[in-house]
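Examining the three-dimensional arrangement
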Amino acid sequence: MDFELSEEQRAFAQSARDFALSEFAPHAARWDAEGIFPKEAIAKAGELGFCGLYAPESIDGLGLPRLDAALVFEEMAAVDPSTTAFITIHNMATWMLGTWGGPAVRERWGAALTSGRQLASYCLTEPGAGSDAASLKTRAELQGDHYLINGGKAFISGAGSTDVLVLMARSGGGGAGGVSAFAVPADAPGISYGKKERKMGWNSQPTRTISFDNVRVPADHLLGSEGEGFRIAMKGLDGGRINIATCSVGAAQGALDAARRYLHERQQFGKPLATFQALQFKLADMATELVAARQMVRLAASKLDAGDADASTYCAMAKRFATDAGFAICNDALQLHGGYGYLGEFPLERLVRDTRVHQILEGTNEIMRVIIARKLLEGDNELR
């Protein structure tokens, strides 16, 4: 095991840090306050390859390991976890399209997505199918050379502002085996979008419901084979869980850095806060939890890159631990700032709001525990 990053990995991470400081940092607070979806900034990220980090080279993606992608996402999330989180979702959907899409799909959207010129949404969740995703009811019926899609999706990031929807719909019977995946033009006739949701955080990306009313989708827009959609969706979510865990690690690093600076700058009782042992101990615990979360995420990414049989379980463990730890670190950093941490002029309250949802999406942390426990109770699995 080698915990040291290569020079190439360090340089790639530094380029992501520089990009985030120049393109995200000056605007993140305004994007959050005004609910602005910064498509221009995302397109600039695409120019650096950040919109197709692990997408296959066949669609002009970089084809990087998940570990390398995590390094980029962490650096950007330290500045703006909301915008970075959308970029991770776009990367996931783009990878799915490039991996399972046929020639027509790859030619139509591949290079446009990896470059950031166009954007993708991932459409699995429904109003009645959240944690129980295999119970989804959106239907896709094959009629000659096209599928006819009817139903609805909920909590879709980027909905109404993206160009293609990676959609899971039921083309067969009940359960996971009846689900198929499709690439659907976001402006296809019969698609309508709900109101932009008002959210606690993640305000730099829109969230809407999507309705499908007799939407015709060419048969060659099927991803993989019929009945393979749920497996494809779960494969996407393995990487998605690493991505969102990485966003929590990045946000926590940003919060920890802000707290360190503040403890040196702020004085009470005639001396800097950094001289108070209780606050030193709090900072030490925050740093320890952060390093543990980062290493768990990188371990899970390495397992996924290696095709390890237990990779899905490690992804669930990393997502559970890192998102809980990340939120706690951001919240502790806010507390160390006192009343100032509660003000919009400081980034802490935004980091707290943005990281809270990480414990819910890409599978709630309760579902992560179900996945982990199920694996542990199967035979002699020890996860060593």
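Below or above, wherever it landed, is the structure these notes cover. Predicted, not measured: the structure shown is a model, and the values here were computed from it.

Cut-offs used in this document
Residues numbered from 1 in each chain as written. Predicted model: local features only at pLDDT ≥ 70, side-chain atom pairs only at ≥ 80, totals over all residues. Heavy atoms only, no water. Helix = DSSP H or I, 4+ residues; strand = E, 2+ residues; numbered from the N terminus. Rg over C-alpha atoms; globule rule 2.2 N^0.38 Å. Buried < 20%, exposed > 50% of the residue type's maximum accessible area, 1.4 Å probe, protein only. Salt bridge = Lys/Arg side-chain N within 4 Å of Asp/Glu carboxyl O. Phe/Tyr/Trp six-rings, centres within 6.5 Å; stacked < 30°, edge-to-face > 60°. Pairing = 2+ DSSP bridges. Contact = heavy atoms within 4.5 Å. Core = buried A, V, L, I, M, F, W, Y, C linked by side-chain atoms within 4.5 Å.

Helices and strands together make up the secondary structure of the chain, namely 11 helices and 10 strands. Computed over C-alpha atoms, the radius of gyration of the chain comes to 21 Å, within 12% of the 21 Å expected from 2.2 N^0.38 for 384 residues, which places it in the range of a compact globule. By principal-axis analysis of the C-alpha atoms, the chain measures approximately 80 × 50 × 40 Å. Residues counted as buried form 54% of the 384 residues belonging to the chain.

With that settled, consider the pattern of salt bridges. All told, the structure shown has 17 salt bridges when counted by the stated rule. Between Glu4 and Arg10 there is a salt bridge; the shortest N-O distance is 3.2 Å. Here Glu4 falls in the exposed class, since its relative accessible area comes to 54%. For Arg10, a relative accessible area of 40% gives the class partly exposed. A salt bridge links Glu349 to Arg353; the nearest nitrogen and oxygen atoms lie 2.8 Å apart. Highlighted residues: Glu349 and Arg353, both in helix α10 (residues 348-356), separated by four residues, approximately one helical turn.

Glancing now at the packing of aromatic side chains. Overall, the coordinates contain 10 aromatic pairs when judged by the stated rule. Centroid distance Phe24 to Trp31: 5.9 Å. Interplanar angle 75°. Geometry classified as edge-to-face. Given a relative accessible area of 0%, Phe24 falls into the buried group. Judged by relative accessible area, Trp31 falls into the buried class, the value being 6%. Geometrically, the ring pair formed by Phe37 and Phe86 is edge-to-face, given 5.0 Å between the ring centres and 85° between the ring planes. Of this pair, Phe37 sits in the loop between α2 (28-34) and α3 (39-47) while Phe86 sits in helix α5 (residues 81-100), and the two are 49 residues apart along the sequence.

With respect to burial, strand β4 (residues 164-170) is a largely interior element, seven of its seven residues being buried. On β4, burial covers both faces: Val164, Val166, Met168 and Arg170 on one face and Leu165, Leu167 and Ala169 on the other are all buried. Pairing of strand β1 (residues 120-123) with β4 involves four bridges; the strand directions are parallel. What sits directly across from Ser121, in β4, is Leu165.

With that settled, the discussion passes to the environment of Ala159. Locating Ala159 in the fold gives a position in the loop between β3 (146-157) and β4. Expressed as a C-alpha distance, the spacing of Ala159 and Ala43, which sit 116 residues apart in the sequence, is 17 Å. Among residues more than four places away in sequence, those in contact with Ala159 are Ser121, Tyr193, Pro206, Arg208 and Ile210.

Attention now goes to the side chain of Asp310. Tracing the backbone through its elements, the reader meets Asp310 in the loop between α8 (277-306) and α9 (311-336). Setting aside residues up to four positions removed in sequence, Asp310 forms contacts with Lys375, Asn381 and Leu383.

So, about the pairing of strand β2 (residues 139-143). Where β2 meets β3, five bridges bridge the pair, whose relative direction is antiparallel. By the bridge assignment for β3, Leu142 is matched with Tyr147. The antiparallel pairing of β2 with β3 creates a hairpin that spans two residues between the two strands, and Gly144 there sits at a positive phi of about 70°.

Moving on to the environment of Val79. Locating Val79 in the fold gives a position in the loop between α4 (66-77) and α5. Spatially, the C-alpha atom of Val79 lies 38 Å from that of Ala176, the residues being 97 residues apart in sequence. Ignoring any residue separated from it by four or fewer positions in sequence, one finds Val79 in contact with Ala20, Leu21, Phe24, Ala25, Ala28 and Arg350.

Time to look at the nonpolar core. Among the nonpolar cores identified, the biggest contains 55 residues, and Phe24, Phe50, Met76, Met96, Tyr122, Leu124 and Met168 are the most heavily contacted of them. Tallying contributions element by element places α5 first for this core, with 10 residues. Apart from residues lying up to four places away in sequence, Met96 is in contact with Gly101, Tyr122, Val166, Ile232, Ala233 and Gly236. Formed by 36 residues, the second largest nonpolar core is a distinct cluster that contains Val249, Ala252, Val297 and Leu348.

Moving on, we come to the side chain of Ser180. Here Ser180 lies in strand β5 (residues 179-185). Leaving out residues up to four positions away in the same chain, Ser180 has contacts with Leu167, Met168, Ala169, Ser171, Leu222, Ser225, Glu226, Gly227 and Gly229.

With that settled, the discussion passes to the environment of Leu165. Within the secondary structure, Leu165 sits in strand β4. By relative accessible area, Leu165 is classed as buried at 0%. Along the backbone, Leu165 and Ala186 are 21 residues apart, and their C-alpha atoms lie at a distance of 5.7 Å. Not counting residues within four places of it along the chain, the set of residues in contact with Leu165 comprises Ser121, Cys123, Phe182, Ala183, Val184, Ala186, Ile191, Tyr193, Ile210 and Phe212.

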